[in-house]
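Chain residues, written in single-letter form:
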Amino acid sequence: MTEAFAGIVLAFDTATAQLALACGRIPDSREPLEMLASSDEPAYRRANSVLLDRSTELLASLGLAPADVACVVCGRGPGSFTGVRIGVATAKGVACGLRVPLFGVSTLDAVAWNLWEKGVRGLVGVVGDAMRGEVYPVRYRIAATGPQRIDADEVSKPTEVAAHWDMGLDESPLLCGDALGKHRDALVGGFAKLGIHATVADEPLWLPTGRGLLLAFEARRRAGLLGVGAPGSLLPVYTRLSDAEEHERERLGLDASGTLPTNGVADSRALEGVLLRPLSVNDIPDLLELEGRSADEVSTSERLTAEHLEAALGSKGHTWWVARLQGVLVGYAGLAVTHGTAQLTRVVTDPDHRDLGIAERLFSRVVHDALDLGATSVSAVTLGKDCGVDAFLGKMGMDRSSDTAEGSRLWGGALPLERMASTSEGAMVATPVVAGMGLGNHLLPDAGSAVRRPLILAIESSCDETAAAVIDGSDTLYADIIASQVDFHARFGGVVPEIASRKHTEAIVGVVEEAFARAGEELARVEGAGLAPSSGRVPGDPRPLAWSDLDAIAVTVGPGLVGALVVGLAFAKGASWATGLPLIAVNHLEGHLYANRLIDPDIKPPLVALLVSGGNTMLVHVRDWGDYRILGETLDDAVGEAFDKVSKALGLGYPGGPILSRLAKEGDSTAIDFPRAMLHSHDLRFSLSGLKTAVITYIHAENAEGRAIDLPNLAASFQQAVIDVLVAKATDAVRQTGVREFCMGGGVSANPELRHEIALAMRRRGVRVTLPLASSCTDNAGMIGAVARERFGAGRFEALTIEALPGMDIEEPY
Amino acid sequence: MTRSTQPASSPSWSTESDSREDTEDLGASLAPFLAPDDVVILAGDLGAGKTQFAKGVARGLGSKGSVTSPTFNILLIHEGGRLPFYHFDLYRLDEEWQLDDIDYFGMIEDGAASVVEWGDRFPDALPPSYLDVRITLRYRASAKGRSDQGAADQVVPTRVFEVRGVGVRGERLSGQWATALGIDLQV
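The structure presented is a predicted model; accordingly, all values stated were derived computationally and were not measured.

Rules behind the numbers
- Residues numbered from 1 in each chain as written.
- Chains lettered and ligands numbered in written order.
- Predicted model: local features only at pLDDT ≥ 70, side-chain atom pairs only at ≥ 80, totals over all residues.
- Heavy atoms only, no water.
- Helix = DSSP H or I, 4+ residues; strand = E, 2+ residues; numbered from the N terminus.
- Buried < 20%, exposed > 50% of the residue type's maximum accessible area, 1.4 Å probe, protein only.
- Areas by Shrake-Rupley, 256 points an atom, 1.4 Å probe, with all protein chains shown as cover.
- Contact = heavy atoms within 4.5 Å.
- Phe/Tyr/Trp six-rings, centres within 6.5 Å; stacked < 30°, edge-to-face > 60°.
- Pairing = 2+ DSSP bridges.
- Axes fitted to C-alpha atoms, helices over the stretch in contact; angles between N-to-C directions.
- Polar contact = N/O pair within 3.5 Å; in protein donor to acceptor, adjacent residues only side chain to side chain.
- Buried area = accessible area lost by both parts, 1.4 Å probe.
- Salt bridge = Lys/Arg side-chain N within 4 Å of Asp/Glu carboxyl O.
- Expected span 1.5 Å × (residues − 1).
- Core = buried A, V, L, I, M, F, W, Y, C linked by side-chain atoms within 4.5 Å.
- Parallel < 35°, antiparallel > 145°, perpendicular 65-115°, else oblique.
- Left-handed = near helix turned anticlockwise from the far one by under 90°.
- Nonpolar A, V, L, I, M, F, W, Y, C, P; charged D, E, K, R; others polar.

Participant: Even after reading the chapter, I still don't get the overall build of chain B, so can you show me in this structure?
Facilitator: Within chain B, the regular secondary structure consists of five helices and seven strands. Along its sequence from the N terminus, chain B presents helices and strands in the succession β-α-β-α-β-β-α-α-β-β-β-α. Counting only residues that meet the buried cut, chain B has 55% of its 187 residues in that class. Carbon together with sulfur atoms contributes 50% to the accessible area of chain B, which is approximately 7,700 Å² in total.

Participant: Can you walk me through the overall build of chain A in this structure?
Facilitator: Looking only at helices and strands, chain A features 22 helices and 28 strands. Looking at chain A residue by residue over its 814 residues, the buried ones come to 62%. Partitioning the intrachain contacts of chain A with sequence separation of at least 6 by distance along the chain shows that 71% fall at a separation of at least 24. Accessible surface for chain A amounts to roughly 28,600 Å². Of this, 53% is attributable to carbon and sulfur atoms.

Participant: Explanation requested: the packing of aromatic side chains in the structure shown.
Facilitator: The geometry of an aromatic ring pair is captured by the separation of the ring centres together with the interplanar angle, meaning the angle of the planes. Taken as a whole and assessed by the stated rule, the structure comprises 16 aromatic pairs over all chains. Here the aromatic rings of Phe103 of chain A and Phe217 of chain A are separated by 5.9 Å at their centres, their planes lie at 35°, and the arrangement is tilted. Here Phe217 of chain A lies in helix H6 (residues 210-222) and Phe103 of chain A lies in strand S5 (residues 102-105), a separation of 114 residues in the sequence. Taking the relative accessible area as the measure of exposure, Phe103 of chain A reaches 2% and is therefore buried. With a centroid separation of 5.1 Å and an interplanar angle of 85°, the aromatic rings of Phe88 of chain B and Tyr104 of chain B are classed as edge-to-face. Of this pair, Phe88 of chain B sits in strand S4 (residues 85-89) while Tyr104 of chain B is found in helix H4 (residues 104-107), placing the two residues 16 residues apart along the sequence. Residue Phe88 of chain B is classed as buried on the basis of its relative accessible area of 0%.

Participant: How should the sheet that holds strand S9 (residues 174-176) of chain A be read in this particular structure?
Facilitator: Note: strands within a sheet are paired through backbone hydrogen bonds, in either parallel or antiparallel orientation. All names here are of chain A. Spatially, the five strands line up as an open sheet ordered S8-S7-S6-S9-S10, and their pairing is mixed. Sheet topology places strand S8 (146-149) and strand S10 (199-200) at the edges, where each strand pairs with a single neighbour. Across three bridges, the pairing between strand S6 (residues 122-129) and S9 is parallel. Its bridge partner being in S9, Gly125 is matched across the sheet by Leu175.

Participant: Quick question: what am I supposed to make of the sheet that holds strand S2 (residues 39-44) of chain B here?
Facilitator: All names here are of chain B. Here we have seven strands laid out as an open sheet, ordered S1-S7-S6-S2-S5-S4-S3, and mixed in their pairing. At either margin of the open sheet sits one strand with a lone partner, and together these are strand S1 (13-17) and strand S3 (75-78). When strand polarity is set aside, the average angle formed by the axes of neighbouring strands in this sheet is 20°. Sheet topology places S4 next to strand S5 (residues 113-117); five bridges connect them, and they run parallel.

Participant: Is there a simple way to explain the side chain of Glu291 of chain A in this structure?
Facilitator: Residues and elements named next belong to chain A. Its place among the elements puts Glu291 in helix H8 (residues 284-293). Of the residues examined, Glu291 reaches a relative accessible area of 3% and is grouped as buried. Among the polar contacts listed, one links the side chain of Glu291 to the backbone nitrogen of Leu304, at a separation of 3.1 Å. With residues up to four places along the chain from it excluded, the contact list for Glu291 reads Arg303, Leu304, Tyr332 and Arg346.

Participant: Can you walk me through the interface of chain B and chain A in this structure?
Facilitator: Often, the extent of an interface is quoted as the loss of accessible area on bringing the components together. Taken residue by residue, the interface counts 47 residues in chain B and 60 residues in chain A. With both sides pooled, the region where chain B packs onto chain A buries about 4,600 Å², and carbon together with sulfur makes up 51% of that total. The three residues of chain B that bury the most area against chain A are Phe72, Trp97 and Asp101 of chain B, which together make up 15% of that side's buried surface. Our count for the contact surface shared by chain B and chain A stands at three salt bridges. Between Arg132 of chain A and Glu96 of chain B there is a salt bridge whose closest N-O contact spans 3.0 Å. Seen at the junction of chain B and chain A, the total is 10 residue pairs in polar contact (both at pLDDT 80 or more). Every element with two or more residues in the side of chain B that touches chain A is listed here: S3, helix H3 (98-101) and H4 of chain B.

Participant: Explain the side chain of Lys692 of chain A here, please?
Facilitator: Position of Lys692 of chain A relative to the elements: it lies in helix H19 (residues 689-704). At a separation of 2.6 Å, a polar atom in the side chain of Lys692 of chain A contacts the side chain of Asp637 of chain A.

Participant: Looking at this structure, I do not really get helix H2 (residues 81-98) of chain A. What am I missing?
Facilitator: Structural remark: α-helix, 3.6 residues per turn; residues separated by three or four positions point the same way. Residue and element names in this part refer to chain A. For H2, with 18 residues, the first-to-last C-alpha span of 26 Å sits near the 26 Å given by 1.5 Å per residue. Of all the 18 residues making up H2, 18 are buried; the element is thus mostly covered by neighbouring parts of the structure. Remark: Arg99 follows H2 within two positions and exhibits a positive phi of approximately 55°.

Participant: Sorry if this is basic, but what is going on with the nonpolar core here?
Facilitator: Counting residues in each nonpolar core, the largest one holds 101 residues, and the members touching the most others are Leu457 and Trp547 of chain A together with Phe88 of chain B. The element contributing the most residues to this core is helix H15 (residues 562-579) of chain A, with 12 residues. Every residue in contact with Leu457 of chain A, bar those within four places of it in the chain, is listed here: Ala468, Ala469, Val470, Val512, Phe516, Trp547, Leu550, Ala552, Ile553 and Ala554 of chain A. Residues Val120, Val124, Val127 and Val138 of chain A belong to the second largest nonpolar core, which totals 53 residues.

Participant: Could you clarify how one ought to interpret unusual backbone geometry in this entry?
Facilitator: Most of the time, phi is negative for any residue but glycine, and the peptide bond is trans. Look at the link from Arg453 of chain A to Pro454 of chain A: it is a cis peptide, with omega at 0°. Position of Pro454 of chain A among the secondary structure elements: in the loop between strand S18 (433-434) and strand S19 (456-460). Cis geometry is adopted by the peptide bond preceding Pro606 of chain A, which originates at Pro605 of chain A and carries an omega value of 5°. Positive phi is not limited to glycine here, since His339 of chain A has a value of about 50°. Checked against the element boundaries, His339 of chain A lands in the loop between strand S13 (328-338) and strand S14 (341-349). The backbone phi angle of Asp103 of chain B is positive, close to 60°, even though this residue is not glycine. The topology assignment puts Asp103 of chain B in the loop between H3 and H4.

Participant: Just to check I follow, could you spell out the pattern of salt bridges for this structure?
Facilitator: Pairing of side chains with opposite charge becomes possible as their charged atoms draw close. All names here are of chain B. For the coordinates displayed, the defined rule picks out 42 salt bridges over all chains. For Glu24, the salt bridge identified is with Arg59, shortest N-O distance 3.1 Å. With Glu24 in helix H1 (residues 20-30) and Arg59 in helix H2 (residues 50-61), this pair connects stretches of sequence that are 35 residues apart. Shared partners join several salt bridges into a network, and the residues in it are Asp120, Asp132, Arg134 and Arg164.

Participant: Help me understand helix H17 (residues 639-649) of chain A in this model?
Facilitator: Here H17 of chain A lies mainly inside the structure; nine of its 11 residues are buried. Those residues of H17 of chain A that are buried are in contact with strand S24 (607-612), strand S25 (617-624), helix H18 (656-666), H19 and helix H20 (711-737) of chain A together with S4 of chain B.

Participant: Teacher, can you tell me more about the environment of Ser661 of chain A here?
Facilitator: Its location among the elements puts Ser661 of chain A in helix H18. Setting aside anything within four residues of it in sequence, one finds Ser661 of chain A in contact with Gln719, Asn751 and Pro752 of chain A.

Participant: Got a minute to help me understand the pairing of strand S12 (residues 318-325) of chain A in this structure?
Facilitator: Each regular strand displays side chains that alternate between the two surfaces of the sheet. Residues and elements named next belong to chain A. Of all eight residues in S12, seven are buried, a share of seventy percent or more. The sheet contact formed by S12 and S13 spans eight bridges and is antiparallel. The residue bridging Leu325 from the neighbouring strand is Val328, located in S13.

Participant: Would you mind going over the packing of H1 of chain B against H2 of chain B with me for this structure?
Facilitator: Each pair of packed helices can be summarised by the angle the axes make with each other and by the distance between the axes. Residues and elements named next belong to chain B. For the pair H1 and H2, the least separation of the axes is 6 Å and the interaxial angle reads 45°. Here H1 lies oblique to H2, going by the angle between them. Read as a crossing pair, H1 and H2 show a hand that is right-handed. Contacts between H1 and H2 involve Arg20, Thr23, Glu24, Asp25, Leu26, Gly27, Ala28 and Leu30 from the former and Gln52, Phe53, Lys55, Gly56, Val57, Arg59 and Gly60 from the latter. Considered class by class, the residues forming the contact of H1 with H2 number five nonpolar, five polar and five charged.

Just distances and angles here, no functional claims.
Rendered as structure tokens:
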């Protein structure tokens, strides 16, 4: 199935300082690719702004348009991390938008194939710049038929390349690659030391070209090595993988980086995540096959049949989900709701994929659905001897209520389960893609309501979370998905790094597809959901949303971490280019303000908002929507950061906010008199580093005196010091501006004590307070959609040249 | 992948700061000597004054906008000055490979002046040439028998800045900065 496609191929690479671009045609799946046109230009760190316009121009020169593209090819590096990420994310957006396959090609292979086309033969070393004084060296032997790769991708010191290659003295390689710019002498000198004369190719041959990229792709196609071309599974080439990831790959039987085939970079390195979907008729045969193989799961006595499942698909009160890993069905779960009780029918995972947390994710999914179906409790019956299922149910927060004489066990629990509730604080996230997280049920569409245009897909990737949402013209959220990155890390044997911005590149396609699937289901509940006539969507149609149902694509452009922002932005731009849907840019901080409007549509400026998160602490005067003035912000640390740092200094976990606030509940907030920094500074600025230092100093002093620290008292006293300052400054801000409305945003606004005290203080002054749902305080895409809806109305659309704005200022209109 | 060869480094020198203002001024006094791709590695405990120092560097470069801690964002970019100013904070990173994740090595060779808080967290990932600034808090012996716990904010420690240049650019920066501060390195 893999090579059976034909049509126009668009190929690009942004891993180096050169934007390589080409277009070809495969007339028929058995025939060779024809080169149609190419264009290569220097685009150092500008790839994100020029790539799509250049693609349009190249296609136009051939009388073609984006919609004519039948396949996308993208350079996967190795190269500049940001550059590769931009290329891969754009390619994913284009391929998803067009619903065409996407294939990756090694950037170094593209260089080698360009040399071949230019007539170079013999031993060649392509040496890419790996930064930090290192290089990516790969040897090729170029014959008349094409280059043959000798080495796998790796990282080396320039001076060690020659010795590493360990060639005979008669071998004299031709060197090329962008590392020569920085390391020419070191590389050539390394060879000279071994008595080998290395020749350096002419500079124009150092970089990948569009034609080289297409030739490398064609070689893989002819060799039958393309794979399925799923956009979600393409990943950049990572050459400095952590040990944990290497181990995981070995465990999953995937290629370790040292044993790659010599003809290119193995596509199986692109580890596709487990994708959860509602059960469809097409899943039933696979499901029954797995059912036949598993006997030891949560089950009722009778075996599932196709009739049973088909009936469940067509009736209300049933929910079934399946998990697929690289296309293979690896798990399923289902339950039925009657009279407010959800009876768990199955939670089954493939015995070969037991430790991926699939069962937990499936469980969370069906239980979330049960809540939507009106269930207030969940129950399950387990049979046979205790074989781990009981432990699983216990772990998921259910209680063993009674055992029957026949030896079966009854399990039950009130919804939402404790464990599910804890996900809102981020401490224990059972699902990587938490559908509907941050949504109160009242935000979901009411049955009988109608979709109001515009329908917008919103994407957020400014820091740790990859998120996507679908929102309509009445601020109704049809999907609000967050790929919590905790789960990715849990997969890697307990290594839980706190950030991993490249996970955005892995997660983005899955999150958007999840949002489409979820929105499709929600729309099916809405009467008269006949969206665009082209979509053919009718009421009750549960299919995933299609791009043609949408009116625009929105994305966070700043502020945030540049390497994270570019992924969401490049994907959104690629999809916008492919679908022709307009692109809307959103300021992340403005999103936090709008999160309040999702709670209370009546909230009206002028108002004062307190934005408190891990990265921000500011009071904003919202004179009108879109007209903001910062009244004061932190001079040093953000509030969330102060919580994190104190938590870390005490040897407690991350994130610090929920941990300390839980501890504080048990403590005496007057036990230690920490400074209230700048409480009397007569302005609205904050400073938290002094408080942080005072806490650290206190810890040092207590340790030095050999006294044990009373953690609850310390947490409560610290939290109180923070809250006192926030409340005092917030009330000052309200007084100074004379506004009658106040709202909050950002992760710290989920702190229960802060919410309580600030609401009290404001109400005492007759000021109306709106607080976002505790679970939607953190970064999410729903709030980005809320801003986008307004910008759509004002016609604020962006050109595809827009770049990420990591330092974006909320005061500056955009 | 071994990085055993330690680049040459000049002798270290030190100076002190008694206040936030001092610390900021110290940062500003380094700024005039910074060139594209220069890296300042800032080491020191929580509350040592790293962000305060970075604030001074930004001021000295003429960067626009306020400088706050980049812990959450990991990298904050400040434009508008003589050079772009990249303010990193590696506190939140736990593994060296995460540096690739944020394109750290690409960014510090991007033509800006970089200040890296917690830059000493990953000794194997230090650039070939950099200025090493290590801030230590020295508590004066004023805590004699303090029994009242209510005075946690009374201790004002002195900050000791220990400076060392590593590699060609690092040594050069160290020398120029010491000279500007009137510190004689020929001892």
